[in-house]
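Chain by chain, the residues:
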Amino acid sequence: MNNITSTEWDKAIPIKRLKITQSILRLVLMATLFCSSNLTSAQENVLQIKANMAVDSPEALLQVVDKAKENGATVVKYADSKLNTFGLGEGIGSSWLENTRTFIQGVKDRDMEIILNTITLGYCGTVIASNTNLTTAYPVVNQPLKAQDSSLIPISTANVVNGGFELYSDNRPTGWGFQDAVGERTFIDLNVKYSGEASLRADGMGGNLSRINHVFDVKPFHQYTLSFWMKTENVTGRLAVILRDNNNLERNLSNQYLSVEKGDGGRQYFKDVEDRTMPWTQIRIAFNSLDSTSVNLFLGLYNGSAGSVWWDDVTIEDTPTLNWVNRDDLPVSLSRDDGTLLSLNEEVEPIIDPQLGISGYAGKFDTYSVAPLIQTSNQTSIETGDVVYLSGYHAMVTARGQVSCTWNNEEMFARMRKIHQTLQDEFSPTGFLLNYDEIRTGGWEPSDKAFDNSGEALAASIERAYADLFDVAPNAKHYFWSDMVDPNHNAVRDYYQISDTLEGAWETLDPNKVIIVNWWGTPKIESKAASSLKFFADLGFEQIIGAFYDSDVEQNFELWKNAAEGIDGIIGSMYASWTSPPNYSQIDAFGKLWWDGVTLGTGLPPIQIIGTDEIISIELMKSQFKPGESITATITYDATTQRSISLSAQNLDNGWSTEAFQRINIPRGKGEISIQAVLSENALVGDNYRVTAYITPRESGWTDRFDFDFVSNISVVP
């Protein structure tokens, strides 16, 4: 803890005198109405190009760019998975680099801007292919193992009753719960089964639901794998498995789709099917119970209109080491019944899952491999029959085999910076779009739990990533997808498998430096987009609308036009196709509606808030304290974004020695907080102490302060 010298305090006094001036400057300014060509940023008509330049022709793609330019496009956003690894020395290939150079230079030669789409944090397989331990990790806490010979075998802590459907009455399996249309759309089938004498069948009829439900107990923070066999015949509808926290039905413990093995050893995921026939196939879906004690399982055919699906041999397994993650910032422990910790190095061989992030090829994850058994070492004290308890971390696979990158890990930040630096040096793009999009896992690691919630943890990750990117490319434009920082979209509680809430994830984005690309799929524009656009406009952001999304061009435009009514700061639109291959056939129609001199919203720039962060006041409950006692201060503040406030007490008669200190993080806006700082047991008795509160960037010190306030004549008494 650094002492504050009297010289530093003397230099700081003028800051205090400026407080009134700073407060006056905190005004909300609004520009007068002017035409769209005079927006705070030039109108940005963006074409998204998705490519794999290892195989795609840059000349063919430049023809698409020419077509877009003829229709009014001024900017190209280029997305290629290899942009996520460029600079990491991972075999980019000379053809990819040559083709990418040709394409980017071609865009520049056409007097168009080029934005690079980088760091797909939510779909991060390519980013971490060379170190798959950099995925988001989920805690295993005291999952029991029993020693058998030289292996530690997981002990079963959960059970599915009658998973083979051998016990039943009137088409209802014994031990199972809710069931749709018993004897009409769901049946016990004695003719078609994987094993035993029976299976459960669901028929698709009239677009109805055909589901069956089972609730089973689990232990908190254990990793399990649900396994069952499934067969289909000419089925049309949506096939899904739902695993919910039975203590909180708003939270899904897994959103993983069903899948079958591909020829390369990877998985082909599916959900909506049409006339699908499939032989008996094993499905394996791993999940973490989190803090749940009970799981609510649904097997179902949703919106089924034809055909049949059968399920059989439903089981639940303890699989603590499946997709095991090893990193220095993730603690691992092994303990006995009485809590005694065992030395991992002495008792067991290293815990490694050789299949982590290798599903067909590196960077792809699944939950179909066999969880590795932990092997005891030659010098182990663990004997056959002993029960030990494992704690550590595993990867979480969701949706179509999706994983996210770890949020607040130094190696990950270094990797991101190196990628951005190499891209900047090689291509000098006009801008970067930092792709923190559809992040569906995270918030459970120790570095994330150091924050109050996942919103703050993700905000810290965004802040750090942008600090590096601004340093690498200070003159570039910077863009950010809206969804993960939008409380109308994904910045909510219980989003996929993210811990608690993402509220506040937007707090560290700077509207003076970052442009929001606001997107919604067409079906949700009418109900969601207006609130979303207004949210970012009220924060002072310029926005580009992510449009088209492979829907009817005219309908998409009209919906966005209505949503944008009365919104400031809309500076452009993006033609974005997400099909594979991308659909560029609607560029002409899109350009006529979106890029032909059209202004959406008010045509005004966004509201800009000018000023600095400040401590408005500091109040103490009393003015005398004893050594070792807590000093409690009530502090009123105003913060332009997430900041830190520090409280310290100095003895002015002892060289301004710091005798108490505490720092807490605060959100954007005006507020009042209470902070306690414990006075040192060695604090000298005296009546010339000063208690100071100061506001800084997150986790920064006195020299980085924006403002401060203090209370003098504080006494320390015996």
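One can find the structure itself at the top, above this paragraph.
What this report covers is the structure whose coordinates are included nearby. It should be emphasised that the depicted structure is a prediction, and the values quoted were computed from it without experimental measurement.

The omega torsion of the bond from Ser580 to Pro581 falls at 0°, within 30 degrees of zero and hence cis. If you check the backbone angles, Asn142 has positive phi at about 55° while not being a glycine. Mapped onto the elements of the fold, Asn142 is located in strand S5 (residues 137–148). Unusually for a residue other than glycine, Asn303 sits at a positive phi of about 55°.

This paragraph deals with the packing of aromatic side chains. According to the stated counting rule, one finds 27 aromatic pairs in the structure shown. Linked through ring pairs, Phe548, Phe557, Tyr575, Phe590, Trp594 and Trp595 together constitute an aromatic cluster. Directly above the aromatic system of Phe270 lies the positively charged group of Arg276, at a separation of 4.0 Å from the ring centroid. The cationic tip of Arg705 hangs over the ring face of Trp702; the distance from NZ or CZ to the ring centre is 4.0 Å.

Another point: the environment of Asp337. Mapped onto the elements, Asp337 comes out in the loop between strand S18 (333–335) and strand S19 (341–342). Judged by its relative accessible area of 60%, Asp337 is exposed. Counting along the chain gives 52 residues from Asp337 to Tyr389, while the straight-line C-alpha distance between them is 7.5 Å. Among residues more than four places away in sequence, those in contact with Asp337 are Val387 and Tyr389. Looking at Asp337, its side chain comes within polar contact range of the side chain of Tyr389, at 2.6 Å.

This part takes up the packing of helix H9 (residues 522–538) against helix H10 (residues 553–563). Closest axis-to-axis distance for the H9/H10 pair is 8 Å, and the angle between their directions is 25°. Classified by the angle their axes make, H9 and H10 are roughly parallel. Here the hand of the crossing between H9 and H10 comes out right-handed. Touching Thr522, Ile525, Glu526, Ala529, Ala530 and Leu533 of H9 are Gln555, Asn556, Leu559, Trp560 and Ala563, all from H10. Across the contact of H9 with H10, the residue classes tally to seven nonpolar, three polar and one charged.

Here six strands make up an open sheet; going across it, the order is S19-S18-S23-S5-S6-S22 and the pairing antiparallel. On the outer flanks of this sheet lie S19 and strand S22 (374–375), each paired with one strand and no other. When strand S6 (residues 151–154) meets S22, the two strands line up antiparallel, connected through two bridges. Bridging across to S22, Ser151 finds its partner in Gln375.

With that settled, consider the sheet that holds strand S30 (residues 570–576). If you trace the eight strands once around the closed barrel, you get S2-S3-S4-S24-S26-S28-S29-S30, paired in parallel fashion. Each neighbouring strand pair of the sheet contributes to a mean axis angle of 25°, computed without reference to strand direction. Of the pairings in the sheet, the one linking strand S24 (residues 431–434) to strand S26 (residues 477–481) comprises four bridges and is parallel in character. Bridging across to S26, Gly431 finds its partner in Lys477. This element, H9, spans strand S28 (514–519), strand S29 (543–548) and S30 of the sheet and lies at about 170° to S29. Contacting S28 and S29, H10 runs over the sheet at an angle of about 150° to S29.

Let us look at empty space enclosed by the protein. Left-over empty space is what a probe sized like a water molecule reveals as it rolls over the atoms. Following the criterion strictly, the structure yields three cavities of 30 Å³ or more and no others. Size it by volume and the largest cavity reaches roughly 60 Å³. Around the largest cavity, the lining residues are Gln43, Asn45, Ile570, Gly572, Ser573, Trp594, Val598, Thr599 and Leu600. The greatest single-element share of the lining of the largest cavity, amounting to three residues, is contributed by S30. For the lining of the largest cavity, the class distribution of residues is four nonpolar, five polar and no charged.

Further remarks concern the packing of helix H3 (residues 58–70) against helix H11 (residues 587–595). Interhelical geometry of H3 versus H11 gives an angle of 35° and a closest axis separation of 9 Å. The handedness of the crossing between H3 and H11 is right-handed. Every residue of H11 that contacts H3 at Val64, Lys67 and Ala68 is listed here: Ile587, Asp588 and Trp595. By residue class, the composition of the contact of H3 with H11 is four nonpolar, no polar and two charged.

Most of strand S3 (residues 75–79) is tucked away, with five of its five residues classed as buried. Residues Val75, Lys77 and Ala79 line one face of S3 and the alternating positions Val76 and Tyr78 line the opposite face, and both faces are buried. Examined bridge by bridge, strand S2 (residues 44–50) and S3 share five bridges and lie parallel to one another. Note that in S3 the partner of Val46 across the bridge is Val75. In this fold, S2 hands off to H3, which returns the chain to S3; that crossover is right-handed. Here four bridges tie S3 to strand S4 (residues 113–118), and the two strands are oriented parallel to one another. Within S4, the residue paired with Val76 across the bridge is Ile114. With helix H4 (residues 94–109) bridging S3 and its parallel neighbour S4, the resulting β-α-β unit is right-handed.

The rules behind the values
Residues numbered from 1 in each chain as written. Predicted model: local features only at pLDDT ≥ 70, side-chain atom pairs only at ≥ 80, totals over all residues. Heavy atoms only, no water. Helix = DSSP H or I, 4+ residues; strand = E, 2+ residues; numbered from the N terminus. Phe/Tyr/Trp six-rings, centres within 6.5 Å; stacked < 30°, edge-to-face > 60°. Lys NZ or Arg CZ within 6 Å of the ring centre and 35° of its normal. Buried < 20%, exposed > 50% of the residue type's maximum accessible area, 1.4 Å probe, protein only. Contact = heavy atoms within 4.5 Å. Polar contact = N/O pair within 3.5 Å; in protein donor to acceptor, adjacent residues only side chain to side chain. Axes fitted to C-alpha atoms, helices over the stretch in contact; angles between N-to-C directions. Parallel < 35°, antiparallel > 145°, perpendicular 65-115°, else oblique. Left-handed = near helix turned anticlockwise from the far one by under 90°. Nonpolar A, V, L, I, M, F, W, Y, C, P; charged D, E, K, R; others polar. Pairing = 2+ DSSP bridges. 1 Å grid on protein atoms, 1.4 Å probe; cavity = no way out; pocket = protein on both sides within 12 Å on 5 of 7 lines; lining within 4 Å. Points joined across faces, edges and corners; volume = space filled by probe spheres on them. Right-handed = clockwise from strand over helix to strand, strands pointing away.

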